[in-house]
Each structure stands twice: as structure tokens, then as C-alpha cells.
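Examination of the molecular architecture
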Amino acid sequence: MIITPNYRLSKENTLALDVQAAYYVRLESPEDVRTLSRDEYFRTLPFITIGSGSNLLFVGDFKGAVLRYVPSEIRTLKEDDTTITLQVDAGANWHDLVMDCADKGLWGIENLALIPSEVGAAAVQNIGAYGREIKDVIRAVHYTDLRTGTDVRLPVSEIGYDYRYSIFKEPHMAYALVTAVEMELSKVPTPMLEYHGLAPLQGRTDLTPREVADFVIGIREQKLPDPAKTPNAGSFFKNPIISTDDFATLQKEYPDAPHYPAKDGVKVPAAWLIEQSGLKGAREGNVGTYPRQPLVIVNYGGASPRKIVDFSEKIQATVQEKFRIELTPEVRFVRSIELKSIDAL
């Protein structure tokens, strides 16, 4: 375990915000986590667990402990002629895992290539793209209870996965530090190509998971900025789900409005709503929407958290006024004052 006080977080969040944590704790083993859970001072601090920082917006300095679990081992739990079950440490790089599995001919996560994340954070967020979500392959998530130091295996049936949601996002689960994820992948071809952007691959009988992953990478590189070059937090807003009645009203004015079926109504792409509101490529100083993908808010250099918050609220207000549809941030706004300590949970 490495504990660094007064740690600058600009390299720990993909928006490159120049904020500071009172403590940055690098956890290098499960025993480190158990040791930390017994530390009397840590138990009094507000804390947050992060991965690569790709879905976070620190609204200011973090007056507590920022935890990062870094183990990245991959283990085979079981294997037969058609499937393999892996246990992947939470600190493993998500894209590297996707490409490694694709190169080995394993199906199930190839549509999720080039998503900036670590495995633990991906499982918490239920990342998804091009018709796939990580919940489709997860069988269980392992975590350590920071209140007691106890290791827990939570089966997928108890995680409550939904669109960009898992039980780990609930405040009452803040004590759960994810340490590993079990996922089952297929050795036999199981391509999911229904998403319209993947149409050129449909009908192929000789397709490999690596070809699908490479195709997805090509799409993403055309549409999305590289956080290393243009700081951003990925998709800033969730795609809103509206009632069928509200969509019928929307469709009268916009007959060609893109949409997808959803469990509780109709999903409308947030990017389309933002573009129709005249905000594609909009910019205010050093903050703006990416010209090729308005769902992404970028930091053009030196933007403050307040500027990004203000700009995101302008987008929400504009879409609300034009469409009477509320956009909800997918990015997590982090305020240390809102987070409890272990002893308070």
C-alpha cells in the first residue's frame, strides 16, 4: 500500500481537472484493502474508489481519501468445449482485456473495445456500446467490505444490473471495494451485430471477435476524442427513456427521430437531442461539446470543474426547454462533502 498526502489528481481523471486529494491510496493487494479497513484514521475520512477516472467529474479538491485498487491478474476458473469463465482483477485495463480475449477467439466483449475503464469500474457502471453491456457476460463480482474487511462474492442475480446501473452505485453500498469480476465468454461464435453501425459485418460466417473489435475501434476513433489528447469523461449524459406517449408527441414534429425500444418506454439518443438543440460543437472558452459527438464534453485546456458543471447545466436546460426531456448525467459528480466515512456507514 502506498499512501500519498496532498496528491494532485489531474492524471487520475480523464477530464484532466487540476484538483487535489487529501490522500491518494494505491492498494496493491487484497491484504492492503483489509489492512486499510482496520485503520482508525482512514475510517473517519470521506472516501471514493476510482479506476482510470474516465467517468468522474471532481467538482473541487477532495477532502478525503481517493482509493485505487491496481491488481490486474487474470485467472481461469473453469473451461469446457464451448465456454470459459475468467476471474479478472478489478485493476486490469478494460480495453487490454477485450483485445486479449478477442485475439484468443473468445466472444462476448468484442463490441466493448476502446472503452476507457478498468474492469472493476466497468462492472460497477455496467458499461455498454454497440448492442452489448458488460452485464451480459458477468457471473459474479467480488468485493471487500471496508467496514469489516470481509471478502464477498456477489452473484450477478443480486447486482440489479440495468442501463448504466448496478447496486454498487447506491450510497448504501459505498463500503464495497470491488476487487475482481467473474465473466463467462464463449468459444463458439456469438456475434451481436444488430446495432446499425455494425451492419457491414452482418451476414459474415467467417467473422472473428478480433475483426469485430477492430471495426468498433474504427468507429469510435472516428467519432470520439482520445482522452490523452483531448481530455473528456466519455459520454456525459445517459440516453433518456421517455414514455411511448411522449415519444409519439416527439415523433409528430420529428418523424425521423432515432429511437430504440426500452423496458419502460422508448430510448432517445441524448446526442441527437443535443445536436437538434444547436449545441453540437458548441464552445464556451475552454469547455465545449466535441464537434463529432455532442454527447462528449471536452476540456480544451485548463478548464475548471465549475466551468464544466455550468456548461453541462446549460445543455440540460436547453434540451429541457426545446424537448421537455430531462438529461441525466452519466458522469459522476464527486463532492467529498457528500460522501460518508466508513464509520458513518
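First, a word on what this report is: a plain description of the structure on this page. (Residues numbered from 1 in each chain as written. Predicted model: local features only at pLDDT ≥ 70, side-chain atom pairs only at ≥ 80, totals over all residues. Heavy atoms only, no water.)

All right, on to unusual backbone geometry then. Residue A16 is not a glycine yet carries a positive backbone phi of 55°. Position of A16 among the secondary structure elements: in the loop between β1 (2-8) and β2 (20-27). With a relative accessible area of 33%, A16 lands in the partly exposed category. Of note, the phi angle at R164 is positive, near 50°, even though the residue is not glycine. By secondary structure assignment, the location of R164 is in the loop between β11 (150-155) and β12 (176-186). (Helix = DSSP H or I, 4+ residues; strand = E, 2+ residues; numbered from the N terminus. Buried < 20%, exposed > 50% of the residue type's maximum accessible area, 1.4 Å probe, protein only.)

So, on to the sheet that holds strand β15 (residues 260-262). Ordered by their spatial adjacency, 3 strands build an open sheet running β14-β16-β15, and the pairing between neighbours is antiparallel. Only two strands of the sheet have a single partner each, and these edge strands are β14 (241-242) and β15. The pairing of β14 with strand β16 (residues 265-267) spans 2 bridges and is antiparallel. Paired with I242 across the strands is V266, a residue of β16. (Pairing = 2+ DSSP bridges.)

Taken as a whole and assessed by the stated rule, the structure comprises 12 aromatic pairs. Look at Y23 and Y41: their rings are 6.0 Å apart centre to centre, the planes differ by 85°, and that puts the pair in the edge-to-face class. Residue Y23 is located in strand β2, and its partner Y41 is located in the loop between α1 (30-37) and β3 (47-50); the two are separated by 18 residues in the primary sequence. Looking at Y41, the relative accessible area reads 48%, which means it is partly exposed. Each ring, one from Y130 and one from Y195, has its centre 5.0 Å from the other, and the planes form 85°; the classification is edge-to-face. Taken together, the residues span a long stretch of sequence, with Y130 in the loop between β8 (128-129) and β9 (132-133) and Y195 in the loop between β12 and α4 (209-223) at a distance of 65 residues. Look at Y130 and you get buried, because its relative accessible area is 9%. Within the aromatic cluster, the residues linked to one another by ring pairs are Y143, F168 and Y175. The cationic tip of R283 hangs over the ring face of Y300; the distance from NZ or CZ to the ring centre is 3.9 Å. When the ring centre of F323 is taken as reference, the NZ or CZ atom of K322 above it lies at 5.7 Å. (Phe/Tyr/Trp six-rings, centres within 6.5 Å; stacked < 30°, edge-to-face > 60°. Lys NZ or Arg CZ within 6 Å of the ring centre and 35° of its normal.)

The next subject is the sheet that holds strand β19 (residues 293-299). One open sheet holds the 4 strands; their spatial order is β13-β19-β18-β17, and the pairing between them is antiparallel. The open sheet has two edge strands with one neighbour each: β13 (232-235) and β17 (283-284). Strand direction decides the pairing type here: β13 and β19, joined by 2 bridges, are antiparallel. Note that in β19 the partner of N232 across the bridge is V298. Across the face of the sheet, helix α7 (residues 305-323) comes into contact with β17, β18 (287-290) and β19 while running at roughly 50° to β18. (Contact = heavy atoms within 4.5 Å. Axes fitted to C-alpha atoms, helices over the stretch in contact; angles between N-to-C directions.)

Of the volumes computed, that of the second largest pocket is approximately 200 Å³. Every residue lining the second largest pocket is listed: I242, D246, T249, L250, E253, Y254, K322, F323, R324 and I325. Secondary structure elements with two or more residues in the lining of the second largest pocket: α5 (244-253) and α7. Element by element, the count of residues in the lining of the second largest pocket is highest for α5, at 4 residues. (1 Å grid on protein atoms, 1.4 Å probe; cavity = no way out; pocket = protein on both sides within 12 Å on 5 of 7 lines; lining within 4 Å. Points joined across faces, edges and corners; volume = space filled by probe spheres on them.)

On their own, these measurements won't tell you what the molecule is for.
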